[in-house]
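Here's the letter readout for the chains.
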Amino acid sequence: MTVSLEVAEGVGTLRLDRPPMNALDIATQDRLKELAEEATRRDDVRAVVIYGGERVFAAGADIKEMQNMDHAGMVLRSRALQDSFTAVARIPKPVVAAITGYALGGGCELALCADFRIAADNAKLGQPEILLGLIPGAGGTQRLPRLVGPSKAKDLIFTGRQVKADEALAIGLVDRVVPAAEVYEQAHAWAAKLAQGPAIALRAAKESVDTGVETDIDTGLAVERNWFAGLFATEDRERGMRSFVEEGPGKAKFV
């Protein structure tokens, strides 16, 4: 399989495995969607890491496969392409991308679907589609400007240039840069820590933030208000408040 889902300590690792560059062909896209939906359903998956291995995250779409597609074929395929990435973005649990080597084109767009991005110090990211006479088609024109702002996004999309890890960190494209040997370890540790948290509250927080940045503030506040009140029906809320009163902050054990 070109993508696998491995679960340990409440963390599901979505592992890309299509050597040598993890090119995201149609079969890989479809498998990614299938496993993202599985990670969403599974109660033993409390957080997710997206990882391409020690050498490369994903160098983009399979250009040889795309070259043979005409307009009608891509009209039919483009929705499925976006849906596979959206399935990752909508996993209602914390998701971190562990980025090694290249994350270009579809690889960069996949990283954008995560909530947090940890990059190796040798990582390179970019949206080079313009160099093929195209634009990003798996969410890059939408998720990238929401993350780094329109001007920086247009710079990357218009030029197709690659950015090294230090620049990616400076513009907010990644959130942490670490030695290459530590990328997966740190990503898994981040996810494992959140996997011990209150699952429904984390889902509420993610949905509230994601909805809020894409809508007007009144709608966002309504989503937040409904989730906030609804969490008072959960056992984790009872445990959290009781622990705070009796033991102080940060010591609650959630279920």
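So, here's what we can say about the structure. Counting from 1, residues in each chain are numbered in the order their sequence is written. pLDDT decides what is reported in this predicted model: residues at 70 or higher carry local features, side-chain atom pairs at 80 or more are listed and counted, and totals for whole chains, interfaces and linings draw on all residues regardless. Excluded from the side-chain calculations are hydrogens and water; all other atoms, namely the structure's heavy atoms, are used.

**Some remarks on the packing of aromatic side chains**
Then step 1. Two aromatic rings, drawn from Phe, Tyr or Trp (for Trp, its six-membered ring), form a pair once their centres lie within 6.5 Å of each other, and the interplanar angle then sorts them: stacked below 30 degrees, edge-to-face above 60, tilted otherwise. Enumeration over the complete set of coordinates arrives at 3 aromatic pairs.
Then step 2. When the ring of Phe-116 is compared with that of Trp-190, the centres are 4.9 Å apart and the planes differ by 5 degrees; the resulting orientation is stacked. Of this pair, Phe-116 sits in strand β6 (residues 116-120) while Trp-190 sits in helix α8 (residues 183-195), and the two are 74 residues apart along the sequence. To qualify as a helix, a DSSP run of H or I must reach at least 4 residues; to qualify as a strand, a run of E must reach at least 2; elements of each kind are numbered from the N terminus.

**Things to note about the layout of surface pockets**
Then step 1. Site definitions follow a grid-based scheme: protein atoms alone, a 1 Å grid, a 1.4 Å probe that fits but cannot get out for cavities, and for pockets an open set with protein on both sides within 12 Å along at least five of seven lines, plus lining residues having an atom within 4 Å of a point. Grid points are joined across faces, edges and corners, and a volume is the space filled by probe spheres set on the points. Taken as a whole, the largest pocket spans an internal volume of roughly 1100 Å³.
Then step 2. Forming the walls of the largest pocket are 34 residues, and the residues nearest its centre are Ala-89, Arg-143, Asp-210, Val-213 and Glu-214.
Then step 3. Elements with a contribution of two residues or more to the lining of the largest pocket: α3 (71-89), α5 (140-148), α8 and α9 (199-212).
Then step 4. Partitioning the lining of the largest pocket into residue classes produces 16 nonpolar, 7 polar and 11 charged. Under the scheme applied here, ten amino acids are nonpolar (Ala, Val, Leu, Ile, Met, Phe, Trp, Tyr, Cys and Pro), four are charged (Asp, Glu, Lys and Arg), and all others, including Gly, are polar.

**Remarks on the packing of α5 against helix α6 (residues 150-159)**
Then step 1. All axes are obtained by fitting lines to C-alpha atoms, using only the stretch in contact for helices, and the reported angles, taken between N-to-C directions, cover 0 to 180 degrees. Look at α5 against α6: their axes get within 7 Å of each other, and the N-to-C directions meet at 135 degrees. In terms of orientation, α5 lies oblique with respect to α6. Of the two possible hands of crossing, α5 and α6 adopt the one that is right-handed. Residues Gly-140, Thr-141, Leu-144, Pro-145 and Val-148 of α5 touch α6, and the partners they reach there are Pro-150, Lys-152, Ala-153, Leu-156 and Ile-157.
Then step 2. Split into classes, the residues belonging to the contact of α5 with α6 amount to 7 nonpolar, 2 polar and 1 charged. Note on angle classes: values under 35 degrees are labelled roughly parallel, values over 145 roughly antiparallel, values of 65 to 115 roughly perpendicular, and the remainder oblique. Handedness of a crossing is defined here by the sense of rotation of the near helix relative to the far one, left-handed for an anticlockwise turn of less than a right angle and right-handed for a clockwise turn. Throughout, a residue-residue contact means that at least one pair of heavy atoms, one from each residue, lies within 4.5 Å.

**With respect to the state of the cysteines**
Then step 1. By convention in this document, the label disulfide applies to cysteine sulfur atom pairs within 2.5 Å. Following the criterion strictly, the structure yields 0 disulfides and no others.
Then step 2. A disulfide-free cysteine, Cys-108 has its sulfur positioned 10 Å from the sulfur of Cys-113, the nearest such atom.
Then step 3. The buried label applies to any residue whose accessible area, calculated with a 1.4 Å probe on protein chains only, is under 20% of its type's maximum; exposed applies above 50%, and partly exposed to all values in between. You can call Cys-113 buried: its relative accessible area is 3%.

**Focus: the side chain of Gln-29**
Then step 1. Looking at the secondary structure, you find Gln-29 in helix α1 (residues 26-41).
Then step 2. Once residues within four sequence positions are removed from consideration, Gln-29 is found in contact with Leu-24, Arg-77, Leu-81 and Ser-84.

**With respect to the sheet that holds strand β9 (residues 176-178)**
Then step 1. Taken in spatial order, the 6 strands make up an open sheet running β1-β2-β3-β4-β6-β9, and their pairing is mixed. Unpaired on one side and paired on the other, β1 (3-8) and β9 mark the two borders of the sheet. Looking at each pair of strands side by side, their axes are set apart by 20 degrees on average, direction ignored.
Then step 2. With 4 bridges connecting them, strand β4 (residues 95-99) and β6 associate as parallel partners. In the strand pairing of β6, Ala-97 is matched with Arg-117.
Then step 3. Along the sheet, α1 makes contact with β1, β2 (11-16) and β3 (47-51), crossing β1 at roughly 25 degrees. For two strands to count as paired, DSSP must find a minimum of two bridges between them.

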